[in-house]
Amino acid sequence: LGDVYKRQERLMERAKSEGFAVVALADHDTTLGLAAAGKRAAELDMACIPCVELSVGRQLEIHLLGYGVDPDAPELAALLDEMRRDRVERVRAMAEGLQRAGYPVDYEQVRARAGGAVGRPHIAQVLVEAGVVSSTAECFAKLIGKDAPFYVPRKKLSTRRGIEAVRSAGGVAVLAHPGQLRLSQQDLFGQIQHMKEEGLQRLECYHNAHAPATQDWLRATCKRLALLVTGGSDFHGAAKPNVKLGSGLERWDDAWACLDHLREAMKQSAKLAGKPKE
């Protein structure tokens, strides 16, 4: 775990060096490293909002963010443990399938490459480094993406269960990068409305993959459904080399006002969950 903590601490140092005063840190299916990151951020006179990212949805793969979660909350901790086991078995099965087909990859390589929560991007990084593919995008398209030959489906988790786990942990439930769901505006609105009825509180309107028109439509949807606005660069380090800290946030002119609203929502969520925050 030392590598995980050091990596999160270095990320805070990088954010500080690039001029950030506040960052939100989320990893898929794990809260490991959040305490170390928060401690280092405080030492650097920054704020680090603890988050988690969950893959939910029966038909679609939907990414759900939980802002301000308590990592020790029992329901969330149990769900994360279940999801981590599923993630490990999926990645192991994909790596073993690739290896049987003659590709130069094995699970231990992938696990070592990940350092923390292991996922498909780490398989892609190993194969990029081996010269099999030229990029993670090519690896997903040809080998491990949803319709590719070595893809293994994830365990299905309902959006309701994910939202309930986030909110039971005192967190604010946010739909991450909705523009990447590749739905028509009518279908996407229906999906967002359905999740709002289940307890969704915010939309990630600003994201590196969102065009200005998408950002504007999502903001209008927030107003229509009384949801709060958020944004994130979806920075993944080497897994997404073209995405920098802050990518996609350039047009977010009222980010500080949105941050104030987020902090108030976090206080209210924590209060309702019986986990009051300062």
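Presented here is an overview of the structure given in this document. (Residues numbered from 1 in each chain as written. Predicted model: local features only at pLDDT ≥ 70, side-chain atom pairs only at ≥ 80, totals over all residues. Heavy atoms only, no water.)

Turning our attention to the overall build of the protein chain. What the protein chain contains, in helices and strands, is 10 helices and 6 strands. Taking 19 Å as the expected radius of gyration for a compact globule of 278 residues, we find that the protein chain reaches 18 Å, a close match to that expectation. Along the first, second and third principal axes, the C-alpha atoms of the protein chain reach 55 × 45 × 35 Å. The 278 residues of the protein chain split such that 48% are buried. (Helix = DSSP H or I, 4+ residues; strand = E, 2+ residues; numbered from the N terminus. Rg over C-alpha atoms; globule rule 2.2 N^0.38 Å. Buried < 20%, exposed > 50% of the residue type's maximum accessible area, 1.4 Å probe, protein only.)

This part covers the sheet that holds strand E3 (residues 62–67). The 6 strands lie next to each other as E1-E2-E3-E4-E5-E6, forming an open sheet whose pairing is mixed. In the strand order of this sheet, the two ends are held by strand E1 (22–25) and strand E6 (228–232), each with one partner. When strand polarity is set aside, the average angle formed by the axes of neighbouring strands in this sheet is 35°. Summarising the sheet, E1 and strand E2 (residues 47–56) pair through 4 bridges and their orientation is parallel. Residue pairing for E2: Leu25 is matched across the bridge by Pro50. Contacts between helix H8 (residues 185–197) and the sheet are confined to E3, strand E4 (172–175) and strand E5 (202–207), with E3 contributing the most and set at about 40° to the helix. (Pairing = 2+ DSSP bridges. Axes fitted to C-alpha atoms, helices over the stretch in contact; angles between N-to-C directions. Contact = heavy atoms within 4.5 Å.)

A separate point is helix H3 (residues 74–100). Look at H3: 39 Å from first C-alpha to last across 27 residues, which is about the 39 Å you get at 1.5 Å a residue. Residues of H3 that are buried include every one of Leu76, Leu79, Leu80, Glu82, Met83, Arg87, Arg90, Val91, Met94, Ala95, Gly97 and Leu98, and no others. Close packing links the buried residues of H3 with E2, helix H4 (107–114), helix H5 (120–129), helix H6 (136–144) and helix H7 (159–168). In the stretch just after H3, Gly102 is the one whose phi turns positive, near 100°. (Expected span 1.5 Å × (residues − 1).)

Following the sequence through the fold, Lys244 ends up in the loop between E6 and helix H10 (255–272). Its relative accessible area of 46% is what places Lys244 among the partly exposed residues. Excluding residues within four positions of it along the chain, Lys244 makes contact with Ser233 and Phe235.

On to the packing of H3 against H5. To characterise two packed helices, one gives the angle between the axes of the helices and the distance between these axes. Their axes nearest at 9 Å, the elements H3 and H5 cross at an angle of 30°. One finds that H3 runs roughly parallel with respect to H5. As for how H3 packs across H5, the hand of that crossing is right-handed. Touching Arg90, Val91, Met94, Ala95 and Leu98 of H3 are Arg120, Ile123 and Leu127, all from H5. Tallied by class, residues from the contact of H3 with H5 come to 6 nonpolar, no polar and 2 charged. (Parallel < 35°, antiparallel > 145°, perpendicular 65-115°, else oblique. Left-handed = near helix turned anticlockwise from the far one by under 90°. Nonpolar A, V, L, I, M, F, W, Y, C, P; charged D, E, K, R; others polar.)

Here we take up unusual backbone geometry. Even without being a glycine, Arg182 presents a positive backbone phi close to 55°. A relative accessible area of 73% means that Arg182 is categorised as exposed.

Here the structure, examined in full by the defined rule, presents 18 salt bridges. Note that Glu82 and Lys155 form a salt bridge whose closest N and O atoms lie 2.8 Å from each other. Taken together, the residues Glu82 in helix H3 and Lys155 in the loop between H6 and H7 connect sequence positions 73 residues apart. Glu198 is the partner of Arg160 in a salt bridge, and the nearest nitrogen-oxygen pair spans 3.9 Å. In this pair, Arg160 is assigned in helix H7 and Glu198 in the loop between H8 and E5, connecting sequence segments 38 residues apart. On the basis of relative accessible area, Glu198 is assigned to the buried category, the value being 11%. Salt bridges sharing partners connect three or more residues here, namely Glu13, Lys39, Arg40 and Glu43. (Salt bridge = Lys/Arg side-chain N within 4 Å of Asp/Glu carboxyl O.)

As far as function goes, none of this settles anything; it's purely spatial.
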